[in-house]
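Each chain is listed here by its residues.
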Amino acid sequence: MCLPKRVSGAAIQSVATAIGNLLCFNFGLIFGITPAHMALYESEKLTPLNEATDPTGSALLTGYLFLSAAVGAAVSGWLALRIGPKSVLLCCGLLQIFGWFCIHFGFDIVHIYASRIFCGIAAGGAFVVLPIFINEIAESRDKAARLTFTIELWRTLGILFGILLGYYVQYQYVNIIGCIASCAFSLCFPFVQESPHYYLRKGNVPCLEKSLRWYRGIRDIDDREQPEYLQELAEFKAELKQRSSSKNSSTELSHGYIVRLIFVSFLLTVCAKLSGVFVELNYAADFLGRTGYSIEVNYVVLASAQCVGGLLARLFGPQLPRKLLLCLSSLLAAAAVIALALFKQFGHNWTLGDWCTRYLPIVLLGLQLLFVSFGLYPLAAVVSSEVLPTKLHDLLYSIASACAWLLLFGMIEGFNAVKTSLGPGLLLYLLVFAAASIFVGLISLPLLPETRNRRASAVQRDLGYVEQAGPVAKTTDAMGNGHVATHI
């Protein structure tokens, strides 16, 4: 990709991130169209397939999407270390194209299942690798956090557009739009450079320098003498030399430190998925019943609430203390979902008036989705990248995401079995969502260190990491990702 001389490094990083976020947008798109298309596949008159499927068959669509996302998440962290995050994201883009093609040319429910499997693997990989990629190309931890917050905004926008397309656009046109979005990513992203940290891991200094210059906006030979660039390049080379000298040795990490890192990673990632975002959006018609507006408008309202939360996260999230935002957003989301559970259980005994009886459930559910998208969901990626050492983050975040997708798959597939006509199953799900949010809100205060505007070394000391020689492992703040350089 030929860049003008005056393009700044921050602009290049933002463009590369925006192109990568098309993967998250596409996942939201295919998830958003699912509720509308499930009804379409079940219709004897309107189905685009050779024959209509039953509710059990259509219910597997979302299940296959999340199950395959678990597979993609499980292998993507390891693949990012082996072949580079850019290469993994390119593979995810190709899988998404295959997924949309299966929908467009499919004439049997098996073809639709295949589309969800392809897109699910791509989504699981993208949601793991994209934060890794952003963290490795950004100039500082703060810039990496700002760019990572954009992932939530693109995901929520994708879901909103998917719902609008699914309900208000003809079936064949929806698939064309999805194919265009996937092809746009696959056509643009190859011109993006691989992460300089990938070349650092491979020991390829010439490609490291080329990648670093590209992401810092250095196009002129004279600009290569900039002090900031030279300092960052020197730290890369020092890190490479350190890795070479300690190739046959490893830093011993305490058992308590490793356990705490694993707990932090799983706490944030799993609880973010169990907060109820995907289950509530997939089964909004069941959670709301006949309250609110029509089914289509209810879905649009809930998806819009998510978008508002994602926008607030992008605008204000980077400026707020991480622990405060995580705690408040989690507890407020829990309060909204508990209020909804109480209303569903005891609301028939309350005299709230017709308006409250009709619209209070969708208001509470919308508030919960807004608070989750504002803090809990995006901070799972942001805080994990700021707390965990580089290699541990790539592997742990991958495994934790896979486990979270598997749990989400179980909740989606077990929904109809748990639900009854009287609704205690719905109440159980709402209480699980509330418990996950409360757990994060209460545990984050004593367990998690504050990471905003702090050096990686200080964060790691708070987590209990001390080398045998005494000092905390060398940080790489100027190198972009700010992670502790632990050779494990």
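Values in this document were obtained by computation on a predicted structure and should not be read as measured data. (Residues numbered from 1 in each chain as written. Predicted model: local features only at pLDDT ≥ 70, side-chain atom pairs only at ≥ 80, totals over all residues. Heavy atoms only, no water.)

Trainee: Looking at this model, I keep getting lost on the overall build of the protein. Mind explaining?
Mentor: Looking only at helices and strands, the protein features 19 helices and zero strands. Counting over 488 residues, the protein shows a buried share of 57%. Residue pairs in contact within the protein that sit at least 24 positions apart in sequence constitute 81% of those at least 6 positions apart. For the protein, the accessible surface area stands at approximately 19500 Å², while carbon and sulfur atoms represent 65% of it. (Helix = DSSP H or I, 4+ residues; strand = E, 2+ residues; numbered from the N terminus. Buried < 20%, exposed > 50% of the residue type's maximum accessible area, 1.4 Å probe, protein only. Contact = heavy atoms within 4.5 Å. Areas by Shrake-Rupley, 256 points an atom, 1.4 Å probe, with all protein chains shown as cover.)

Trainee: Would you mind showing me how to read the nonpolar core here?
Mentor: Nonpolar side chains tend to gather and get buried jointly when the protein is soluble and globular. Phe 66, Leu 89, Phe 133, Phe 278, Val 279, Phe 287 and Trp 405 are the most contacted members of the largest nonpolar core, which has 125 residues in total. By residue number, the principal contributor to this core is helix H15 (residues 354–387), which donates 16 residues. Those residues in contact with Phe 133, other than ones at most four positions away along the chain, are Ala 16, Pro 85, Lys 86, Leu 89, Phe 189, Val 192, Gln 193, Ser 195 and Tyr 215. Counting ten residues, the second largest nonpolar core, distinct from the first, contains Tyr 198, Leu 212, Ile 218 and Leu 240. (Core = buried A, V, L, I, M, F, W, Y, C linked by side-chain atoms within 4.5 Å.)

Trainee: Looking at this structure, I do not really get helix H2 (residues 55–83). What am I missing?
Mentor: For an α-helix, 3.6 residues make a turn, and residues three or four places apart therefore share a direction. Along its 29 residues, H2 runs 41 Å from first to last C-alpha, staying within 8% of the 42 Å computed at 1.5 Å per residue. Of all the bends in H2, the largest measures some 35 degrees and sits at Ser 76. Capping the start of H2 is the job of one residue whose side-chain oxygen sits 2.7 Å from the backbone nitrogen of Gly 57: Asp 54. Gly 84, located one to two residues past H2, shows a positive phi value of around 100 degrees. (Expected span 1.5 Å × (residues − 1). Bend = angle between axes of the 7 residues up to and from the residue. Polar contact = N/O pair within 3.5 Å; in protein donor to acceptor, adjacent residues only side chain to side chain.)

Trainee: Explain the layout of surface pockets to me, please; I cannot follow it from the model alone.
Mentor: The gaps left among the atoms become clear once a water-sized probe is rolled over them. The volume enclosed by the second largest pocket comes to roughly 320 Å³. Taken together, 17 residues form the lining of the second largest pocket, with Pro 35, Met 38, Asn 282, Ala 285 and Tyr 299 sitting closest to its centre. Counting residues per element, the ones that place at least two in the lining of the second largest pocket are helix H1 (9–42), H2, helix H12 (284–288) and helix H13 (295–316). With four residues, the top contributor of residues to the lining of the second largest pocket is H1. Among the residues forming the lining of the second largest pocket, the class breakdown is ten nonpolar, three polar and four charged. (1 Å grid on protein atoms, 1.4 Å probe; cavity = no way out; pocket = protein on both sides within 12 Å on 5 of 7 lines; lining within 4 Å. Points joined across faces, edges and corners; volume = space filled by probe spheres on them. Nonpolar A, V, L, I, M, F, W, Y, C, P; charged D, E, K, R; others polar.)

Trainee: Could you clarify how one ought to interpret the environment of Phe 133 in this entry?
Mentor: Structurally, Phe 133 can be placed in helix H4 (residues 109–137). Between the alpha carbons of Phe 133 and Gly 20 there is a distance of 9.1 Å; along the sequence they are 113 residues apart.

Trainee: When you look at empty space enclosed by the protein in this model, what are you seeing that I'm missing?
Mentor: Taken as a whole, this structure holds two cavities of 30 Å³ or more when the rule is applied. Put simply, the largest cavity is a space of about 170 Å³. Lining the largest cavity are 17 residues, with Phe 127, Ile 151, Tyr 377, Ala 381 and Tyr 397 sitting closest to its centre. Mapped onto the lining of the largest cavity, the elements with two or more residues apiece are H4, helix H5 (141–168), helix H10 (255–273), H15 and helix H16 (390–413). Class assignment of the residues belonging to the lining of the largest cavity gives a composition of eleven nonpolar, three polar and three charged.

Trainee: How should the packing of aromatic side chains be read in this particular structure?
Mentor: Geometry of an aromatic ring pair is reported as the spacing of the ring centres plus the angle between the planes. Considering all chains together, one arrives at 31 aromatic pairs under this definition. The interplanar angle of 20 degrees and the centroid separation of 4.9 Å between the aromatic rings of Phe 185 and Phe 189 together place this pair among those described as stacked. Take Phe 185: its relative accessible area is 0%, and that puts it in the buried class. Taking the centre distance of 6.1 Å and the plane angle of 75 degrees together, the rings of Phe 278 and Tyr 377 count as edge-to-face. Residue Phe 278 is located in helix H11 (residues 277–282), and its partner Tyr 377 is located in helix H15; the two are separated by 99 residues in the primary sequence. Accessibility expressed as a relative area gives 0% for Phe 278, which makes it buried. Here a set of aromatic residues connected by ring pairs shows up, and it is made of Phe 27, Phe 31, Phe 66, Phe 127, Phe 278, Tyr 377 and Trp 405. Over the aromatic face of Tyr 377 sits the side chain of Arg 155, whose NZ or CZ is 4.4 Å from the ring centroid. Lying over the aromatic face of Trp 405, Lys 273 brings its terminal NZ or CZ to 4.7 Å of the ring centre. (Phe/Tyr/Trp six-rings, centres within 6.5 Å; stacked < 30°, edge-to-face > 60°. Lys NZ or Arg CZ within 6 Å of the ring centre and 35° of its normal.)

Trainee: Hey, could you run me through a nonpolar patch on the surface in this one?
Mentor: On the surface, Leu 164, Tyr 168, Tyr 293, Val 297 and Val 301 cluster together into a nonpolar patch covering about 410 Å² of accessible area. Listed by contribution, the elements that provide at least two residues to the nonpolar patch are H5 and H13. Assignment of secondary structure puts Tyr 168 in helix H5. (Patch = residues over 30% accessible without salt bridge, like charges linked within 9 Å, V, L, I, M, F, W, Y side chains within 5 Å. Salt bridge = Lys/Arg side-chain N within 4 Å of Asp/Glu carboxyl O.)

Trainee: Sorry if this is basic, but what is going on with the confidence of the model for the protein here?
Mentor: The predicted coordinates ought not to be read in detail in places where the model reports low pLDDT. When pLDDT is averaged along the protein, the result is 83, and 89% of the positions lie at 70 or above. Across the protein, H13 holds the top mean pLDDT of 93, while helix H19 (residues 456–462) sits lowest at 72. Residue range residues 468–488 is modelled with pLDDT below 50. Its contacts to residues more than four positions away, or to other chains, number 77 contacts. (pLDDT = per-residue confidence, 0-100.)

Trainee: Just checking my understanding: could you explain the environment of Gly 77 for this structure?
Mentor: Mapping Gly 77 onto the fold places it in helix H2. The buried category is assigned to Gly 77, whose relative accessible area is 0%. Counting along the chain gives 52 residues from Gly 77 to Val 129, while the straight-line C-alpha distance between them is 6.5 Å. Not counting residues within four places of it along the chain, the set of residues in contact with Gly 77 comprises Val 128, Asp 394, Leu 395 and Ser 398.

Trainee: What is the right way to read the environment of Asn 175 from this model?
Mentor: Within the secondary structure, Asn 175 is located in helix H6 (residues 171–188). The residues touching Asn 175, leaving out its near neighbours within four places in the chain, are Trp 100, Ile 103 and His 104. Side-chain polar atoms of Asn 175 contact the backbone oxygen of Tyr 171, separated by 3.4 Å.

Trainee: Is there a simple way to think about the side chain of Thr 269 in this case?
Mentor: In this structure, Thr 269 sits in helix H10. Apart from residues lying up to four places away in sequence, Thr 269 is in contact with Ala 380, Ser 384, Tyr 397, Ala 400, Ser 401 and Ala 404.

Trainee: Looking at this model, I keep getting lost on the side chain of Ser 401. Mind explaining?
Mentor: With respect to the element layout, Ser 401 can be found in helix H16. For Ser 401, a relative accessible area of 3% gives the class buried. Apart from residues lying up to four places away in sequence, Ser 401 is in contact with Ala 73, Val 128 and Thr 269.

Trainee: Just checking my understanding: could you explain the packing of H2 against helix H3 (residues 85–105) for this structure?
Mentor: The angle between the axes and the distance between the axes are what describe a pair of packed helices. For the pair H2 and H3, interaxial distance at closest approach is 7 Å and the crossing angle is 125 degrees. With respect to H3, the element H2 is oriented oblique. Residues Ser 76, Leu 79, Ala 80 and Ile 83 of H2 form the contact with H3, whose own contacting residues are Pro 85, Ser 87 and Val 88. For the contact of H2 with H3, the residue count by class is five nonpolar, two polar and no charged. (Axes fitted to C-alpha atoms, helices over the stretch in contact; angles between N-to-C directions. Parallel < 35°, antiparallel > 145°, perpendicular 65-115°, else oblique.)

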